[in-house]
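Survey of secondary and tertiary structure
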Amino acid sequence: MSFISAGFLFTIMITAFIYYLMPKKYQWVVLLIMSFAFYATYGIKYMGYIIFTIISSYIFTIKMEACVDKKNRRRLLIACLLCNFGILTGMKYINFFISNINAVGALFGSTAKLPGFKIIMPLGISFYTFQTMSYVIDVYQKKYEAQKNIFKLALFTAFLPQLLQGPIGRYDRLAPQFFEGHDFDIKNVEFGMQRMAWGLAKKLILADRAYVAANTVFSCLNTYSGVHIVFALLLFSIYVYCDFAGGMDLVIGASEIFGIHLDENFSQPYFSKNLGEFWRRWHMSLSFWVRDYLYLPLSSGMRRWGQWGVFLSLSLTFAGLGAWHGAGWNYIIYGLIQGLIIFYEMKTAMICNKIKNWIGNPLFTTLSILRTYLLFAFSLIFFRLESVSDALY
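Reference entry: report on the structure contained in this document. Keep in mind the model is a prediction, meaning the values are calculated, not measured.

1. Describing the packing of helix α2 (residues 27-40) against helix α3 (residues 47-66)
At a minimum axis separation of 10 Å, α2 and α3 run at an interaxial angle of 145°. Residues F36, Y39 and A40 of α2 touch α3, and the partners they reach there are M47, I50, I51 and I54. Taken together, the residues that form the contact of α2 with α3 break down as 7 nonpolar, no polar and no charged.

2. Some thoughts on the environment of Y135
Within the element layout of this structure, Y135 appears in helix α5 (residues 125-140). Sequence separation between Y135 and F376 is 241 residues, and the spatial gap between their C-alpha atoms is 31 Å. Not counting the four nearest positions on each side in its chain, Y135 is found in contact with T61, Y144, A146, Q147, L153, F156 and Y171.

3. Here we look at unusual backbone geometry
The linkage connecting L160 with the following residue, P161, adopts the cis geometry, with an omega of 10°. Checked against the element boundaries, P161 lands in the loop between α6 (150-158) and α7 (162-165). A cis geometry characterises the amide bond from G166 onward to P167, with omega recorded as 0°. The residue P167 is located in the loop between α7 and α8 (171-179) in this model. For K142, which is not a glycine, the phi torsion comes out positive at approximately 60°. Residue placement: K142 occurs in the loop between α5 and α6. A residue is classified by how much of its surface remains accessible, and K142, at 65% relative accessible area, is exposed.

4. Quick word on the pattern of salt bridges
The tally for this structure, following the rule as stated, stands at 13 salt bridges. For the salt bridge of D292 with R170, the shortest nitrogen-to-oxygen distance reads 3.0 Å. Pair noted here: D292 is in helix α12 (residues 284-301) and R170 is in the loop between α7 and α8, with a separation of 122 residues, a long-range link. Using a relative accessible area of 24% as the deciding quantity, one classes D292 as partly exposed. Judged by relative accessible area, R170 falls into the buried class, the value being 16%. Residues E264 and R195 are paired through a salt bridge, measuring 2.7 Å at the closest nitrogen-oxygen approach. In this pair, E264 sits in the loop between α10 (226-257) and α11 (275-278) while R195 sits in helix α9 (residues 186-218), placing the two residues 69 residues apart along the sequence. On the basis of relative accessible area, E264 is assigned to the partly exposed category, the value being 37%. By relative accessible area, which is 14% here, R195 ends up buried. The network of salt bridges with common partners includes R195, K202, D249 and E264.

Conventions and cut-offs
- Sequence positions are assigned chain by chain, starting from 1 and proceeding in written order.
- For this predicted model, a pLDDT threshold of at least 70 governs which residues receive local features, and a threshold of 80 or more governs which side-chain atom pairs are given and counted, while totals over whole chains, interfaces and linings are taken from all residues.
- Excluding hydrogens and water, the side-chain figures rest on all heavy atoms present in the structure.
- Angles shown run from 0 to 180 degrees and are taken between the N-to-C directions of axes, each axis being a line fitted to C-alpha atoms and, for helices, limited to the stretch in contact.
- The helix and strand labels rest on DSSP assignments: H or I over at least four residues marks a helix, E over at least two residues marks a strand, and numbering proceeds from the N terminus.
- Whether two residues are in contact is decided by their heavy atoms: any pair within 4.5 Å suffices.
- Under the convention adopted here, Pro, Cys and the residues Ala, Val, Leu, Ile, Met, Phe, Trp and Tyr are nonpolar, Asp, Glu, Lys and Arg are charged, and Gly plus all remaining residues are polar.
- Three exposure classes are used, based on accessible area relative to the maximum for each residue type with a 1.4 Å probe and protein chains only: buried under 20%, partly exposed in between, and exposed over 50%.
- In what follows, salt bridge is the name for a side-chain nitrogen of Lys or Arg lying within 4 Å of a carboxyl oxygen of Asp or Glu.

Rendered as structure tokens:
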């Protein structure tokens, strides 16, 4: 069942009716049943993966909390991360690794090829893995206590509609909202429905039409001029934003109906004055996740390398962020472009301030917004096309 369907809306409305009829202390159970029932419509055979994430996270965090020895706590953390990220990496990237091994072998004259695997990704595996592992890391860092009720942890992991495409939530913000119970509030329902309607408009009216026009060009690149390709990239940037932000409106709106306030994931990113600011306003839950759990630990460990440490930290972080979007060198290059530009912006900040003082803040701000938007829009060619060679065509 697609969440852009009458079936999804019907599911939300029926669940909300039952949710507000239930005593407050059992409302979270209604959400849990609804979430797993919806997930089952995509295939019961894929539920084993999310159940494994829930059980492994529950066991390891309970053991970490009870463990006094720091080394053993760290071993438990590493084991949990390896188990869960190992499954995600294996399912998402195994064929990418195989194709690169085969390519390297062909360079040395080998005709032998490793066979690929036919893998269907479980629904939301990237989102629920990142979300649950943030909980595991936070428990390890003693930011809060481990959840002792495995079914409550299951709701945090599998909450519909968040499960579908984020935002990637933090346990300390979501848990109180899930389990405290909510009174019926018509304002929440009205706001939620309005937000969902706006999300549908973004996706079905703006995103779909922009995609059709852009895809017409990208599907036959050799028949169009450079001007057409530039125009298609600009349309594709509109599609990417409206499709994803529209999906977030649906997710956040549906959650509001239950009195649950999810974090915003977009904050007018195309009005950013530089790419660093852009990534603080675009897919914010993912950006903040990689900042807190990848970039900050990397930069802390590489601090003694000075500027090279910052450069390498940014490069690895954004390469990983690019790979999160898909298994291919084009996605990694897309991520690296973002990191390189941000590093360049950091190094030239003083020069930019001098230019701003010279030409005036209004003009500088306008030009900065336009520059940032165009840089991101043009980098999307690596995101849209299937290979690096196509992107460089």
